Amino acid sequence: MDITSDLKDDILNHTKSIENIEVVYKKKNKYSGTLARMQQTPFEITIFDNNHTEETEHTVDFDLAQEITIKLFDGTIKTFKDVVL
């Protein structure tokens, strides 16, 4: 999945407003949780994983991710999807 400027800006500019981030990979493998940490250069985000008990944190693999949904505390939901050709 491409790291678009919209995706990057939404995470960097709304860090305190993010309630939950959900990442969907192939075969509907999902990771969902609150933002644990992020790094601007190179861009990287890690979430506290609510779905898997063996891992407490998950670093998003943008190369394999197909969809990322960001839910803000004000109820706003933004979804970024991989372009399918």
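Above this text you will find the structure in question.
None of the values given here were measured: they were computed from a predicted structure.

(A) Quick look at the sheet that holds strand β5 (residues 57-59). Ordered by their spatial adjacency, three strands build an open sheet running β3-β4-β5, and the pairing between neighbours is antiparallel. One side of each edge strand has no neighbouring strand; the edge strands of this open sheet are β3 (35-39) and β5. Geometrically, the sheet is characterised by an average inter-axis angle of 15° between neighbouring strands, direction not taken into account. The pairing of β3 with strand β4 (residues 44-48) spans four bridges and is antiparallel. Looking across to β4, one finds that Q39 is bridged to E44.

(B) Local environment of the sheet that holds strand β2 (residues 30-33). On the basis of which strands lie adjacent, the open sheet formed by four strands has the order β2-β1-β6-β7 and antiparallel pairing. If you trace the sheet from one side to the other, it starts and ends with β2 and β7 (77-81), each paired once. Across the sheet, the axes of successive neighbouring strands diverge by a mean angle of 10°, strand direction being ignored. Note: strand β1 (residues 18-24) against β2, four bridges, orientation antiparallel. Looking at the pairing, V23 lines up with Y31 of β2.

Quick notes on the rules
Residues numbered from 1 in each chain as written. Predicted model: local features only at pLDDT ≥ 70, side-chain atom pairs only at ≥ 80, totals over all residues. Heavy atoms only, no water. Pairing = 2+ DSSP bridges. Helix = DSSP H or I, 4+ residues; strand = E, 2+ residues; numbered from the N terminus. Axes fitted to C-alpha atoms, helices over the stretch in contact; angles between N-to-C directions.

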